[in-house]
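The residues making up each chain are set out below.
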Amino acid sequence: MGENGGMLALVRLRRGVVGESRRVCHLIPVPTGPIPAHLTALCGEAIFPGEAEVLEGLRGMPCHACLMENAPSGGSFLANAG
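Since this is a predicted model, take the numbers as computed values, not measurements. (Residues numbered from 1 in each chain as written. Predicted model: local features only at pLDDT ≥ 70, side-chain atom pairs only at ≥ 80, totals over all residues. Heavy atoms only, no water.)

### Considering the pairing of strand β2 (residues 25-29)
Across the 5 residues of β2, 4 count as buried, placing the element largely inside the fold. In the sheet, strand β1 (residues 8-13) pairs with β2 via 5 bridges, with the strands oriented antiparallel. Within β2, the position partnered with Leu-10 by the bridge is Leu-27. (Buried < 20%, exposed > 50% of the residue type's maximum accessible area, 1.4 Å probe, protein only. Helix = DSSP H or I, 4+ residues; strand = E, 2+ residues; numbered from the N terminus. Pairing = 2+ DSSP bridges.)

Structure (structure tokens):
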């Protein structure tokens, strides 16, 4: 779930839409109302119909910007790591 409590989908751009190095896994808030013309990942990347695949589990290289946008606020998260 996203920080705002909404559901998040994990999506990756399809082969051929972008080069392999840009096929990272984005976090996208699942819309609760009408389906918009495009979805926007937490990092700001616009995902248009037919360009991406929804992933059923954690796999692939994550989009670091999406992860940072969804990380808990405050320094305590990393302060206790390791």
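### Side note on the nonpolar core
By size, the foremost hydrophobic cluster in this structure holds 15 residues, and its most contacted members are Leu-10, Val-11, Leu-13, Ile-28, Ile-47, Ala-52 and Cys-66. Only β1 and β2 provide two or more residues apiece to this core. With 4 residues, the single largest contributor to this core is β1. Apart from the residues within four sequence positions on either side, Val-11 is in contact with Val-24, Cys-25, His-26, Ile-28, Ala-52, Glu-53 and Val-54. (Core = buried A, V, L, I, M, F, W, Y, C linked by side-chain atoms within 4.5 Å. Contact = heavy atoms within 4.5 Å.)

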